[in-house]
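Structural description and commentary
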Amino acid sequence: MALVFDIGIVSLLIAIGAWMIMARDTLVAVIIFVVYGLLMSIAWVRLSAVDVALTEAAIGSGITGMLLLSAAARLRQTEGAGARPSFPVCIAAGSLCALISAGLAGVVLLPADVAPTLAPLAVANLSDTGLENPVAGVLFAYRALDTLLEKVVLLLALLGVWSLGSDRAWGGAPALGAYVPPNDILVFFAQVLPPIGIVFAAYMTWTGASHPGGAFQGGTVLAVMWLLVMMAGVARAPPISSTKVRWLLVAGPALFLAVGFLGFVIAAGFLAYPVDYAKALIVLIEVALALSIGVTLALLAAGPPERTPQP
Amino acid sequence: MSSLLHAFTILAVSAGVVFFIAGTVGLVRFPDVPTRLHALTKADNVGLGLVVLGLLPYTGGLLGASKLVSVWLLTLLSGAIVTQLIARAVR
Amino acid sequence: MQHSEWSMMMSSFLLVSAILVLASIAIGLVRILYSRQAADCMMAAQLVGTGGIAVLLLVAVATETAPTGDVALMLALLAAFASVAFVGGMRGTGSKAAEGADK
């Protein structure tokens, strides 16, 4: 019976994916994409990957959905003006996609004799770090360098988005949301939901050490709550030249880097943790990262600066 | 005793599924957007409430149960507000 | 009945319920997204959010997976935010469908 359910959800996902590609209106396609992300998180739970399910729901439906909506709105003026690609280009693209799909299917369906995996080793050595969630162990202990570089890449992406603004508007604030009347129901929503979201984000960040969760999921919920507040007009989008915002952006990666260098002094080397304080240091890093990720993702989705800076 | 719990779960979850199906039927058959919104929100929220009620014995402790109930309350709140927003966008 | 027989029966029952709710979501989605009117598409996040939470909880209890209350909370919060974003996106830009919407 579980197999019937799995077949059902996989067919639904494939059908939705195909529909998203064939949708005519860009906004409808973005809505289908968000729906796809929400359903995909159920599939991830079925695969026992609860951390990925949380991240898929948060990023795929919240941040990426918002990003795609803004992009679709910006492209609205140019929609329909481009020429359709010629027939040979379509054939070439189609055969390349088919080739890649066949390759992926071959890798999945014809497994090697012994699938290479480090999972048992990762779980066995987890007690040294003081963590109980193996995903957190991989992110912050075994592959901490990758996580640090990812956070820096997020900042670079934000710089990329900021650079899309005109030169005049550099240092100004993103234009987010149409005018909202002060007693609107959206304002009520933006006053009631964020406290719940912030508590949930704090819980997600804290529980990531032993249960599925972590800094990324908590930070994304923070970003989503701040986006809601900005969209409702309860708070204004900050100008990108604001010092407070810039400090918040770099606080997480900077703390991570500082702890990494501290590893030279108190432990074995760069990004190594002393055995007694490993969990405390990791949780500290996660809290700082959650804040930075929240601010970064929210500003990413808010878009490039459009209002010229006030003196 | 536990067979009573099983029967309770089966009843509650079945009723919940019936409400979900009714909500979809309303969504498909009603003539305009406000009535469709009404069918979607009310029926699906009651359906979710009944499903949560039926699954409460299986959630392991007070913390898990209160998490599920708060999920339902959050869905109620956001459903009420989002319905207003969508209906206003139609006018 | 034996305890294990009850468990298997309960598990199958919950999975069948999950399949039924999933089918309701699918049919609702087809109806919503094929519509000419913008407001119908805005309902998609709410439909999938509520139904998705139900499916998630049923499947989690049926297969005895680890705590999914967190994923359910995440889905609830984000479906709400996605609905607000859809309303803003479709209203603020005036999509082709919105321009032809009936009153």
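**Comments concerning the overall build of chain B**
Looking only at helices and strands, chain B features three helices and zero strands. Secondary structure of chain B in N-to-C order comes out as α-α-α. Since a compact globule built from 91 residues should have a radius of gyration of about 12 Å, the 15 Å found for chain B marks it as more spread out than a globular shape. Taking the principal axes of the C-alpha coordinates as reference, chain B spans close to 55 × 25 × 10 Å. For chain B, the residues scored as buried account for 42% of the 91 residues in total.

**Description of the overall build of chain C**
Helix and strand counts for chain C stand at five helices and zero strands. Its helices and strands in sequence order give chain C the pattern α-α-α-α-α, from N to C terminus. When each of the 103 residues of chain C is scored for burial, the buried share is 62%. The long-range share in chain C, meaning contacts at least 24 apart out of those at least 6 apart in sequence, stands at 64%.

**Some words on the interface of chain B and chain A**
You'll often see interface size given as the accessible area lost when the parts meet. The interface of chain B with chain A comprises four residues on the first partner and four residues on the second. Of the residues that constitute the side of chain B that touches chain A, the class distribution is three nonpolar, one polar and no charged.

**Things to note about the environment of A:P309**
All names here are of chain A. Tracing the backbone through its elements, the reader meets P309 in the segment after β2 (305-307). With 15 C-beta atoms counted inside 10 Å, the residue P309 sits in the partly exposed group. If we ignore the near neighbours within four places in the chain, the residues touching P309 are G171, G172, P239 and S241.

**Points about the interface of chain A and chain C**
Taken together, the contacts link 47 residues of chain A with 46 residues of chain C. Looking at the side of chain A that touches chain C, the elements that each hand over two or more residues are α1 (2-22), α2 (26-46), α3 (50-75), α8 (185-207) and α9 (215-231) of chain A. Considering each element in turn, the side of chain A that touches chain C owes the most residues, 12 residues, to α2(A). Partitioning the side of chain A that touches chain C into residue classes produces 34 nonpolar, 10 polar and three charged.

**Here we look at the nonpolar core**
Within the largest apolar cluster, 149 residues are counted, with the highest numbers of intra-cluster contacts made by A:L227, A:L228, C:A18, C:A44, C:L56, C:L57 and C:L75. With 16 residues, helix α4 (residues 69-93) of chain C is the single largest residue contributor to this core. Built from parts of two domains, this core gets at least three residues from each of domain 1 (1-74) and domain 2 (127-311) of chain A.

**Let's talk about the packing of α3(A) against helix α11 (residues 278-302) of chain A**
Residues and elements named next belong to chain A. Direction vectors running N to C along α3 and α11 enclose 25 degrees, while the axes themselves pass 8 Å from each other. In terms of orientation, α3 and α11 fall into the roughly parallel class. Counting all contacts with α3, which are made through I63, M66 and L67, the residues of α11 involved are L297, L300 and A301. Looking at the contact of α3 with α11, its residues break down into six nonpolar, no polar and no charged.

**A short note on α9(A)**
Each full turn of the α-helix corresponds to 3.6 residues, which orients residues three or four apart in the same direction. Residues and elements named next belong to chain A. Here α9 is 17 residues long and its end C-alpha atoms lie 24 Å apart, about the 24 Å a rise of 1.5 Å per residue gives. Burial of α9 is extensive: 17 of the 17 residues sit out of reach of the surface. With its phi angle positive at about 80 degrees, G233 sits one or two positions after the end of α9.

**Remarks on unusual backbone geometry**
Backbone geometry follows two general trends: most residues other than glycine have a negative phi, and most peptide bonds adopt the trans configuration. Residue and element names in this part refer to chain A. Phi is positive for S48, which is not a glycine, with a value near 65 degrees. Turning to its location among the elements, S48 is positioned in the loop between α2 and α3. The backbone phi angle of L271 is positive, close to 60 degrees, even though this residue is not glycine. Within the element layout of this structure, L271 appears in the loop between α10 (243-266) and α11. Residue classification places L271 among the buried residues on the basis of 21 C-beta atoms within 10 Å.

**Thoughts on the environment of A:A251**
Residue and element names in this part refer to chain A. Along the polypeptide, A251 turns up in helix α10. A251 sits 40 residues away from L291 along the chain, and the two C-alpha atoms are 8.1 Å apart. Here A251 is in contact with A288, L291 and S292, once residues within four sequence places are set aside.

**Some remarks on α1(A)**
Residues and elements named next belong to chain A. Relative to the 30 Å expected for 21 residues at 1.5 Å per residue, α1 spans 30 Å between its end C-alpha atoms, a close match to the ideal helical length. Three or more residues of α1 are buried, namely F5, I9 and L12. Taken end-on, α1 shows its buried residues confined to a sector of 60 degrees, consistent with a single buried face. Residues of α1 that are exposed and point more than 90 degrees away from the buried face comprise L3, I7, V10, S11, I14, A18, I21 and M22.

**Regarding the packing of helix α3 (residues 61-90) of chain B against helix α3 (residues 44-63) of chain C**
Direction vectors running N to C along α3(B) and α3(C) enclose 165 degrees, while the axes themselves pass 11 Å from each other. Taken together, the axes of α3(B) and α3(C) lie roughly antiparallel to each other. Between α3(B) and α3(C) the crossing geometry is left-handed. Between α3(B) and α3(C), the contacting residues are B:V71, B:T75, B:G79 and B:V82 on the first element and C:Q46, C:T50 and C:I53 on the second. A breakdown of the residues in the contact of α3(B) with α3(C) according to their chemical character gives three nonpolar, four polar and no charged.

**Some thoughts on the confidence of the model for chain C**
Residues shown with low pLDDT carry predicted positions that ought not to be read at fine detail. Residue and element names in this part refer to chain C. For chain C, mean pLDDT is 80; residues scoring 70 or higher make up 82% of the total. Every residue in residues 93-103 scores below 50 in pLDDT, and together they form 20 contacts with partners more than four places removed in sequence or on other chains. Scored as a whole, the predicted complex attains pTM 0.89, and scored at its interfaces, ipTM 0.89.

Quick notes on the rules
- Residues numbered from 1 in each chain as written.
- Chains lettered and ligands numbered in written order.
- Predicted model: local features only at pLDDT ≥ 70, side-chain atom pairs only at ≥ 80, totals over all residues.
- Helix = DSSP H or I, 4+ residues; strand = E, 2+ residues; numbered from the N terminus.
- Rg over C-alpha atoms; globule rule 2.2 N^0.38 Å.
- Buried ≥ 20, exposed ≤ 12 C-beta atoms within 10 Å, placed from the backbone.
- Contact = placed C-beta atoms within 7 Å.
- Nonpolar A, V, L, I, M, F, W, Y, C, P; charged D, E, K, R; others polar.
- Core = buried A, V, L, I, M, F, W, Y, C linked by C-beta atoms within 7 Å.
- Domains from an automatic or database assignment.
- Axes fitted to C-alpha atoms, helices over the stretch in contact; angles between N-to-C directions.
- Parallel < 35°, antiparallel > 145°, perpendicular 65-115°, else oblique.
- Expected span 1.5 Å × (residues − 1).
- Arc of directions from axis to C-beta.
- Left-handed = near helix turned anticlockwise from the far one by under 90°.
- pLDDT = per-residue confidence, 0-100.

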